[in-house]
Amino acid sequence: MTKVCGARGELCLAERILLLLRAYHYASAPQDELMTHTLLVTGGAGFIGSAVVREVLSASAWRVVNVDKLTYSGNPGSLADVAGNPRYNFIQADIADAAAMRAAFEIFEPDAVMHLAAESHVDRSIDNPAAFLETNVRGTFVLLEEARRYWKTLTASDSPKARDFRFHHISTDEVFGDLSGGESFFTEKTPYAPSSPYSASKAASDHLVRAWQRTYGLPTLVTNCSNNYGPRQFPEKLIPLTILNALAGRELPVYGDGGQIRDWLHVEDHVRALLLVLARGRVGETYAVGGHCEKKNIDVVRAICELLEEMAPQKPTGVSRYADLIRFVRDRPGHDSRYAIDASKIAAELGWRPRESFATGLRKTVRWYLDNETWWRAVLDGSYRCERLGTRV
C-alpha cells in the first residue's frame, strides 16, 4: 500500500521510495506485462468506485491505481477481493493535494483517469457544505490541473499515449435540479439548476471539466447518472439504511410523504456504462446514464419490507411486520420531487442499456446485506450510526 502523509504538498521520503520501487517493478516486468494499460481511479474505495476497480481488474488486463482519501465512506473492505492482486495499487491521498496527485501521474503514467472521488450525500452537504466545496470543486480543479500537466508532457514527447488519454468525470443527475411541470426527462441538454450544496458543488465540477476541455483541449468525458444502488453502499443512503434499520428493529424514516421519485440504477449496470464511455465515448461529450426505473421513495421502502418478510422472517423483538416501522418525518430542506433520465444517447451511440430490473436488483441487494453482516457491522462501528443528517438549517 502506498500512502501520502504529512502536510499538504509533501510525500514522505520513504513512501516516495516505495512508489519508485513499485514503478521499477513494472519497468522490469515481462514484455507482455509492459503492454498492460493503467487506469487511475479516484474514490476507488467508495461505493461506485470500488465496483469500477473490481470490474476492471476482473474483466481486463489493465492495472488500476486507486487514489482515495479514505474518509468515512471509503471502505478498504469493499476491495478485499482484489487487495492482493499484483495489478492493484492503492494510494491514500486527498485529490486536493497537488503534490500527491502529481506524484501519482508521474510514477504510474496512467492511460486514463476515472474521477469518482466526491462528497456525495445531500444531507451531509446541508450540515457541512465546506467539505463538499473542498473535495468536489477544489479537488476536481487540482486533479484537472495535474492531469493537464501530465497530458502536456505526453503530447510534447509525441507519446502514443497522448492520443488515447482520457479524463472521465463521473457526476450526478442532481445537477439538473427538480423535474416538474411539463418536463419529462433529463437529457444531456437540460440546463443546470442544482438545489442543494451537494448538487451545486457537482455542477461546479462539471463546468470545470468542460472548461478544461474547451480551453486547454484536455480530452475529457462527462457522465451524469441517476440514483445508484447495490451491494457495499454506505448505509446513509435510502436502500441500505432501510435494510439495516429494519433488521435492527429501528424506525424507517421516510421524508415528507415519501412521494419523491427517483430513477434507480444498479451499480453494476452503471459500471458497464462508465467503461463503455471511457472506451468509446466521444471526447468533449456528456452521456446521461439512467436505469429507466422510476420509483417513489415510499414504494422503495415498502418493497424492501416485503423482501425482508420473505428473506428474514425472524424479526427483532416487538416487530410483527417490517412495514410497521415506517415513520414519516420532516422533509429535507430543498428536497427535489423527481429525477428521471433519458438515456437514449448512450443507448444509440454505445449500445448500453440496463440489464438489471429493479425487482431483481433490489432482491440481490437485500440478499447481499443479509449475507454480509461482517461488512456492514464494520461500517457501523465507525462514526456513523444510521442517525438522521441534514437538519442543521
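Residues numbered from 1 in each chain as written. Predicted model: local features only at pLDDT ≥ 70, side-chain atom pairs only at ≥ 80, totals over all residues. Heavy atoms only, no water.

Draft legend 1. Summary view of unusual backbone geometry. Phi angles above zero are rare outside glycine, and Leu 70 is one such case at about 60°. Along the chain, Leu 70 turns up in the loop between strand 3 (63-68) and strand 4 (88-92). One non-glycine residue, His 292, adopts positive backbone phi at about 55°. We classify His 292 as exposed; its relative accessible area is 52%. (Helix = DSSP H or I, 4+ residues; strand = E, 2+ residues; numbered from the N terminus. Buried < 20%, exposed > 50% of the residue type's maximum accessible area, 1.4 Å probe, protein only.)

Draft legend 2. How the structure looks around the packing of aromatic side chains. On inspection of all chains with the given rule, the structure shows 15 aromatic pairs. Ring centres of Phe 105 and Tyr 150 lie 5.3 Å apart, and the angle between their planes is 35°; on these two criteria the pair is classed as tilted. Taken together, the residues span a long stretch of sequence, with Phe 105 in helix 4 (residues 98-108) and Tyr 150 in helix 6 (residues 129-156) at a distance of 45 residues. For the pair formed by Phe 105 and Tyr 150, the shared burial category is buried. Considering the side-chain rings of Phe 141 and Trp 212, the 6.0 Å spacing of their centres and the 85° angle between planes classify their relative orientation as edge-to-face. Taken together, the positions of Phe 141 in helix 6 and Trp 212 in helix 8 (residues 197-216) put the pair 71 residues apart, joining distant regions of the chain. (Phe/Tyr/Trp six-rings, centres within 6.5 Å; stacked < 30°, edge-to-face > 60°.)

Draft legend 3. Broad picture of the nonpolar core. Ile 239 and Phe 358 are the most contacted members of the largest nonpolar core, which has 32 residues in total. If you list the elements that add at least two residues to this core, you get helix 9 (238-248), strand 9 (252-255), helix 11 (297-311), helix 13 (358-371) and helix 14 (373-380). Counting residues per element, this core draws most heavily on helix 11, which supplies 8 residues. Every residue in contact with Phe 358, bar those within four places of it in the chain, is listed here: Tyr 229, Ile 239, Trp 264, Cys 293, Lys 295 and Val 300. In terms of nonpolar packing, the next biggest core, distinct from the first, is built from 30 residues, Val 67, Ala 100, Ala 117 and Trp 212 among them. (Core = buried A, V, L, I, M, F, W, Y, C linked by side-chain atoms within 4.5 Å. Contact = heavy atoms within 4.5 Å.)

Draft legend 4. Here's a closer look at the sheet that holds strand 10 (residues 261-266). Taken in spatial order, the 3 strands of this open sheet run 8-10-12, and their pairing is mixed. With partners counted over all chains shown, the strands left at the sheet margins are strand 8 (227-229) and strand 12 (294-296), one partner each. For this sheet the average axis-to-axis angle between neighbouring strands, irrespective of direction, equals 50°. As judged from the 3 bridges shared by strand 8 and strand 10, these two strands associate in the parallel manner. Note on strand 10: the bridge partner recorded for Asn 228 is Leu 265. Against the sheet, helix 11 engages strand 10 and strand 12, with an angle of about 85° to strand 12. (Pairing = 2+ DSSP bridges. Axes fitted to C-alpha atoms, helices over the stretch in contact; angles between N-to-C directions.)

Draft legend 5. Structural view of empty space enclosed by the protein. Scanning all chains against the criterion turns up 1 cavity of 30 Å³ or more. Taken as a whole, the largest cavity holds about 50 Å³ of empty space. Lining the largest cavity, in full, are Val 122, Glu 174, Ser 195, Ser 196, Ser 199, Arg 332, Pro 333, Gly 334, His 335, Asp 336 and Tyr 339. (1 Å grid on protein atoms, 1.4 Å probe; cavity = no way out; pocket = protein on both sides within 12 Å on 5 of 7 lines; lining within 4 Å. Points joined across faces, edges and corners; volume = space filled by probe spheres on them.)

Draft legend 6. Looking closely at the pattern of salt bridges. The full count for this structure, using the stated rule, is 20 salt bridges. Between Glu 146 and Arg 102 there is a salt bridge, with its nearest N and O atoms 2.9 Å apart. Of this pair, Glu 146 sits in helix 6 while Arg 102 sits in helix 4, and the two are 44 residues apart along the sequence. Where salt bridges share partners, they join Arg 282, Glu 285, Lys 345 and Glu 349 into one cluster. (Salt bridge = Lys/Arg side-chain N within 4 Å of Asp/Glu carboxyl O.)

Taken by themselves, the reported measurements are silent on function.
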